[in-house]
Amino acid sequence: MRTQIRTSLRILALCLASFGLLAASTPKKKHRRFLPKKAIPTHVELVIGGYGAHADRYARKDHFHPFGDFMIGAKVYTADNKVYGTAGIGGGIFSWDNFHVEVIGGTFKHALFKRSNVRIAHPDDVPGHRIRLRVAYKALPHIVREVELPLDFSYSYTLRAAGIDGSDGWEECRRAPGGSDGSDHEKCDGEDGQFGYHGAPGGIGAPGQPGPDIEVILLPYDDLNSDDPVIEARERNLHTGRTRTRWYTPLTNTLTITSIGGDGGCGGDGQAGGHGGDGGDGGREGDEEHKPVRAYGGNGGNGGFGGHGGDGGAGGPGGQITVFFHPDLKNYLGSVRVASLGGDGGRGGDGGAGGRAGNGGAGNKGDGNAGQSGACGPEGFAGPQGFAGPPVEWIALEP
């Protein structure tokens with residue numbers, strides 16, 4: 001017993017020693033929430049970009065456009081050649097509480113363990129159309145980093161408004177009731193099983209709602225950092241009252257405006273037919289002379305037919321689009337792409353499955369016949385495509 005205890009203690013000691021060596025060999029994390037007391041910061045660097053700054057993913061160009069956002073990170077360099085970065089693109093877990101962040105032309109959103117970003121304001125609220133960032137280390141205010149980022153209006157936009165989709169047709173998840181089994185008879189033929197009930201048809205999908213009517217006003221806008229023309233596009237959804245404003249350069253970019261009708265609802269699936277009842281057994285007892293009664297088994301009931309699939313709803317028509325433009329922009333209307341499209345028709349519902357045939361009952365004179373399986377219901381028809389909206393109206397504003 002003592003030998004086993006000594007062996008167990010030796011194993012435990014070896015495990016503890018191994019754990020201590022492992023802990024000692026594990027390097028300390030390079031990044032932390034606060035600097036060590038002996039660390040001497042020398043300067044701060046800003047990391048700008050990442051996914052949020054790449055509005056144009058194909059060109060991989062940093063676009064700092066109005067109402068856009070871009071990620072930001074900070075790195076503190078110390079005298080002993082160590083780097084402490086903030087979470088996200090900063091590459092660490094250093095706390096933003098160590099910094100004073102000032103943004104002119106936008107707002108800074110601090111996230112503890114996620115990406116931190118700057119949300120760009122309306123261009124009229126960006127002095128000189130240049131976003132100014134200033135990040136200072138609180139403990140040593142002279143350690144500061146400042147950058148300026150000009151607004152970029154060379155970006156294409158798509159403004160899409162759609163009607164409400166139609167609701168799907170009614171659908172019964174449960175199978176239709178089955179026919180009851182035929183009763184057994186001891187001295188005569190078994191009773192026939194009842195037929196299964198037919199499945200109910202699926203509901204018809206509702207039509208999609210028309211696409212909303214849209215008004216767009218195009219006005220010239222001055223870019224304070226470039227001589228290229230800029231268009232301010234004010235879009236208003238007349239159905240919801242929602243307004244959106246975008247700015248773009250018509251020489252290199254486009255504005256796409258679409259009103260799309262709602263899609264038709266899908267037809268509901270037909271209900272499955274009920275199963276046919278089994279036929280009852282016949283002639284189960286003998287007569288007074290102990291001779292078996294000659295009787296037939298009951299016939300099985302037929303399965304019910306599956307319900308028809310419901311038809312899909314029609315797609316909604318596109319809405320009316322009206323574009324008001326300043327006369328000075330007449331030569332740039334080719335940069336505006338407008339389309340009023342009908343919604344897609346809803347898919348037809350699937351037909352319900354047919355009910356199972358009932359089994360024939362047993363009889364010593366002859367077994368009953370099995371019933372017939374119910375046929376599956378046909379699929380519903382797809383809804384028609386919605387019509388395109390009326391032609392676009394172009395109206396010049398008074399100078």
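All residue numbers refer to position in the chain's written sequence, counted from 1. Residues qualify for local features only when their pLDDT is at least 70, as the model is predicted, and side-chain atom pairs are given and counted only at 80 or more; totals for whole chains, interfaces and linings, by contrast, use all residues. Hydrogens and water are ignored here; the side-chain numbers use all heavy atoms of the structure.

Caption draft 1: Here's a closer look at the sheet that holds strand β13 (residues 255-260). Strand order across the open sheet formed by three strands is β9-β13-β15, with parallel pairing between neighbours. Each edge of the sheet is formed by a strand with only one pairing partner; in this case those strands are β9 (157-162) and β15 (336-341). Across the sheet, the mean angle from the axis of one strand to that of its neighbour is 10°, orientation sign disregarded. Here, strands pair whenever DSSP counts at least two bridges between them. Here a strand is any run of E in DSSP of at least two residues, a helix any run of H or I of at least four, and the numbering for each starts at the N terminus. Pairing of β13 with β15, which is carried by six bridges, proceeds in the parallel orientation. When the sheet's bridge partners are listed, I260 is paired in β15 with L341. For helices, the axis comes from a line fit to the C-alpha atoms of the stretch in contact; other axes are also lines fit to C-alpha atoms, and the angle between any two N-to-C directions lies between 0 and 180 degrees.

Caption draft 2: Seen up close, the packing of aromatic side chains. Stacked, tilted and edge-to-face are the three classes applied to pairs of Phe, Tyr and Trp rings, where Trp contributes its six-membered ring and a pair requires centres within 6.5 Å; stacked means planes under 30 degrees apart, edge-to-face means over 60, and tilted covers the rest. Applying the stated rule across the entire model yields nine aromatic pairs. Aromatic pair Y84 and F94: ring centres 6.2 Å apart, planes at 45°, arrangement tilted. Of the two residues, Y84 is situated in strand β3 (residues 83-85) and F94 in the loop between β3 and β4 (99-104); the sequence distance between them amounts to ten residues. Burial status follows relative accessibility: with a 1.4 Å probe on protein chains alone, a residue under 20% of its type maximum counts as buried, one over 50% as exposed, and anything between as partly exposed. When its relative accessible area of 5% is taken as the criterion, Y84 is described as buried. These aromatic residues form a ring-pair network of at least three members: Y84, F94, W96, F99, F108 and Y137.

Caption draft 3: Focus on the pattern of salt bridges. Criterion for a salt bridge: a side-chain nitrogen of Lys or Arg within 4 Å of a carboxyl oxygen of Asp or Glu. Applying the stated rule across the entire model yields eight salt bridges. E148 serves as the salt-bridge partner of R130, at 3.0 Å between the closest nitrogen and oxygen. Here R130, found in strand β7 (residues 130-137), pairs with E148, found in strand β8 (residues 144-150); they are 18 residues apart in sequence, far enough to count as distant. You can call R130 partly exposed: its relative accessible area is 26%. Here E232 and R234 are joined by a salt bridge, their closest N and O atoms 2.6 Å apart. Counted as one network, the salt bridges with shared partners bring together R130, R132 and E148.

Caption draft 4: Quick look at unusual backbone geometry. Positioned with a positive phi, F67 is a non-glycine residue whose angle comes to about 65°. With respect to the helices and strands, the residue F67 is situated in the loop between β1 (41-49) and β2 (69-78). Within the chain, H129 stands out as a residue other than glycine whose phi angle is a positive 55°. Within the secondary structure, H129 sits in the loop between β6 (116-120) and β7. Judged by relative accessible area, H129 falls into the buried class, the value being 4%.

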